[in-house]
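Here is how the chains run, residue by residue.
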Amino acid sequence: MKKYQAILLLLIAGLALPASGQSKKASNYQYTVDLTHVVDDKVKVELLAPRISSSEITFYLPKIVPGTYAIADYGRYVADFNALDKKGKALPVEKINDNAWKIKNATRLHKITYWVNDSYDTEIDGPKIFEHAGTNIEENKNYLINSAGYFGYFENMKESPIVLNVIRSKDFYGSTGLIPQKAGEPVTSIKIEKGSAASDQRVDTYVAGDYSELIDSPLMYSKPDTAIIKVGNTEVLIGSYSPTQMIKAKDIANSVREVLLAQKEYLGGNLPVNKYAFIFYFTDKPVYSYGALEHSGSSFYFMPERPIEEMNQQLRDFAAHEFFHIVTPLTIHSEEIDNFDYNDPKMSQHLWLYEGVTEYFAGNMQVKYGLITPDQYLDVVREKILTAETFYDTVPFTDISKFTLTEYKEQYYNVYQKGALIGMCLDIKLRQLSEGKYGLQNLVADLSKKYGKAKPFEDAKLFDEITALTKPEIGEFLKKYVSGPERLPLKEIFGLVGVKYIEKFISPELTLGLESNAVTITEEGGTPKLAIAKADLLNAQGKALGFKDGDILIKINGEVIPYNDQFKAFFERQQQGLQLGKKLSYTVLRKNEGGTAQEAELSADTMMVDREVKHLLGFDDQATPAQLALRQSWINK
Ligand SMILES: [Zn+2]
């Protein structure tokens, strides 16, 4: 079906690229973006518009895109918007909001032109766009086309095919999950109305079946650094941009290859795509957060540039997570996601499935296929329990999901924590009820058969569907712990697989005085730094030091805190160096009454602090054969 569509579209594309200046209006969109001509950090986008039959039409850039669960307002980055008729005469345009332009006399519309600024280095009022959904224009270095930041759609016309021409310099390469219809053609092969093409310009032409396919297909242009991995019948492209060339695509390929092979087995022996692209952008600038975004045929990663040895595990975790999104939500999803409204989005209740189960699979697959040890896996699970604890635990997770753009925006990160724990509990419960034969992998495979890319489920009916496919106990579980307010029954669930779980105990320890829920990250001098957010949550050592809210940490015991890749090692060394009866000191930046930041010295005797050690997990040596059998089916141990 897909292939057929591509051939058909190629024909349409061929027809629509006018050989002469004739004004035969097409039913498709024809975008051209010129990456070889950057002016004031902006590039120009031209759209030969499809035929418009109404006298007025609204042109939109997205407010939000699928998978991000956060408002982006991409239209903010568009400048010099012009709607032109055939003769190049401007049509009246009214800007309605950040993302919408109303065009009058729209039946005469021939072309739209505008300039796009990038989200990576442009200060603009409004929400911050996470880099993995953002856009980058770094002249002669890197161009990241997350399509939502460059290309728009006309109201009620999201279904039309889109031809995309990318003009690039001849030594650049476009990493994308899209298969180009033409690549590296001379620019004269597309009609350029003004100016002449330079000899080192080339054009790549892509066709997307509709607007959502375009949005689902990021492209990154830079000097090529690529690698290919064959996984079964799937060709996997790794495209990388590392500004100091610290990381090479082939290193990434070596790192993620065995993960992908294990994922193929985990998914039943076949990958559901023919081509897949991992697109990596590494930054050598300090970062506050980084991440990745999934698409049907690719995923895009924004990550700090560090030596590959330090990044391996994280790369693998990220790649595994994004790749598993091929299943949820890209194959199994609700109507809200299927018919995604880019400018008036409706959220689904099932982030536990889209993000939680995906995250659970990414970890469970790694232990099942021996990429991490069972003990390492318990650490992964423990970390999730600890982090989940900093979020709401008695609001139904379906509500957190439904209102993730509004009321529960701050709770979003918990989809990777509690969401994954829901996945784990459900998996173990399913296995218990089937004597180890039917787990979450089987359930997800069954849901994929029943639904699919083009067949969404009804949000409110999913739990009934799952119950029908499984057992009544599973329905009760989902109602109680996912759409109900009850805490997950971790002790009971771990008990089923012979894992001992201690919720908490008290242990006297020497500490640096900082508790993770009392500190935050702030910017100081262009660098992210650790600051005290809630001094009242510090332990007795921290209180004795006399920290105040807003203090930015500069030195410990006279040593400057390295806010770079040495950060973790520095703190570990300081922790190990603690000795009872010795002084512990900090230098902090503290604002005085006038609001100016000044260095302040804090010092106190080290002391034993009763610390709560929480959520300890360990394999039970005395597990029964039944527990061992279930454990085997859960993690292959
Ligand atoms: Zn995800």
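Just so it is clear, the model here is predicted, and its values are computed rather than measured.

Student: Can you help me understand the sheet that holds strand 20 (residues 298-304) in this one?
Tutor: Backbone hydrogen bonds hold the strands of a sheet together, and the pairing may be parallel or antiparallel. On the basis of which strands lie adjacent, the open sheet formed by 5 strands has the order 16-17-18-20-19 and mixed pairing. The sheet is open, and its two edges are formed by strand 16 (226-231) and strand 19 (291-294), each paired on a single side. Put simply, the sheet's adjacent strands are angled 15 degrees from each other on average, direction ignored. Each of strand 16, strand 17 (234-241) and strand 18 (275-283) touches helix 3 (residues 249-266); the most contacted strand, strand 16, lies at about 20 degrees to it.

Student: What's the story with helix 6 (residues 351-368) in this structure? I'm lost.
Tutor: An α-helical turn contains 3.6 residues, so any two residues separated by three or four positions project in the same direction. Here helix 6 spans 24 Å end to end across 18 residues, near enough to the 26 Å set by a 1.5 Å rise per residue. The buried fraction of helix 6 amounts to 18 of the 18 residues, a majority that puts the element mostly inside the structure.

Student: How should the coordination of the zinc ion be read in this particular structure?
Tutor: Each pair of donors in an ideal four-coordinate tetrahedral metal site encloses 109.5 degrees, whereas pairs in an ideal six-coordinate octahedral site enclose 90 or 180 degrees. Here the zinc ion is held by the protein donor atoms His321 (NE2), His325 (NE2) and Glu355 (OE), which lie 2.0 to 2.1 Å from it. Each donor residue of the zinc ion belongs to the same chain, and together they define the spacing H-x3-H-x29-E. Each member of the pair, His321 as well as His325, carries the same accessibility label: buried.

Student: Can you walk me through the environment of Ala454 in this structure?
Tutor: Structurally, Ala454 can be placed in the loop between helix 10 (440-450) and helix 11 (462-469). The class for Ala454 is exposed, based on a relative accessible area of 74%.

Student: Got a minute to help me understand unusual backbone geometry in this structure?
Tutor: The bulk of non-glycine residues show a negative phi, and the bulk of peptide bonds are trans. Omega for the peptide link from Thr328 to Pro329 comes to 0 degrees, which places this bond in the cis form. One non-glycine residue with positive phi stands out, namely Asn140, at about 60 degrees. One can find Asn140 in the loop between strand 8 (136-138) and strand 9 (142-145).

Student: Honestly, the packing of helix 9 (residues 418-433) against helix 16 (residues 625-635) in this entry has me stumped. Any pointers?
Tutor: Two packed helices can be described by the angle between their axes and the distance between those axes. Two elements in contact, helix 9 and helix 16, have axes separated by 10 Å at closest approach and are oriented at 130 degrees. Of the possible angle classes, the one that applies to helix 9 and helix 16 is oblique. Helix-helix and strand crossings are classified by hand; for helix 9 and helix 16 the assignment is right-handed. Counting all contacts with helix 9, which are made through Met424, Asp427, Ile428, Arg431 and Gln432, the residues of helix 16 involved are Leu630, Ser633 and Trp634. Taken together, the residues of the contact of helix 9 with helix 16 sort by class into 4 nonpolar, 2 polar and 2 charged.

Student: What exactly am I supposed to notice about the packing of helix 7 (residues 374-388) against helix 9 here?
Tutor: Orientation of helix 7 relative to helix 9, taken along the N-to-C sense of each, is 130 degrees, at an axis distance of 9 Å. As the angle between them shows, helix 7 and helix 9 are arranged oblique. As helix 7 packs across helix 9, the resulting crossing turns out to be left-handed. Along the contact surface, helix 7 presents Val381, Lys384, Ile385 and Ala388, while helix 9 presents Lys418, Ala420, Leu421 and Met424. Taken together, the residues of the contact of helix 7 with helix 9 break down into 6 nonpolar, no polar and 2 charged.

Conventions and cut-offs
- Residues numbered from 1 in each chain as written.
- Predicted model: local features only at pLDDT ≥ 70, side-chain atom pairs only at ≥ 80, totals over all residues.
- Heavy atoms only, no water.
- Pairing = 2+ DSSP bridges.
- Helix = DSSP H or I, 4+ residues; strand = E, 2+ residues; numbered from the N terminus.
- Axes fitted to C-alpha atoms, helices over the stretch in contact; angles between N-to-C directions.
- Contact = heavy atoms within 4.5 Å.
- Expected span 1.5 Å × (residues − 1).
- Buried < 20%, exposed > 50% of the residue type's maximum accessible area, 1.4 Å probe, protein only.
- Donors = N, O, S within 2.8 Å, 3.2 Å for Na, K, Ca; no water.
- Parallel < 35°, antiparallel > 145°, perpendicular 65-115°, else oblique.
- Left-handed = near helix turned anticlockwise from the far one by under 90°.
- Nonpolar A, V, L, I, M, F, W, Y, C, P; charged D, E, K, R; others polar.

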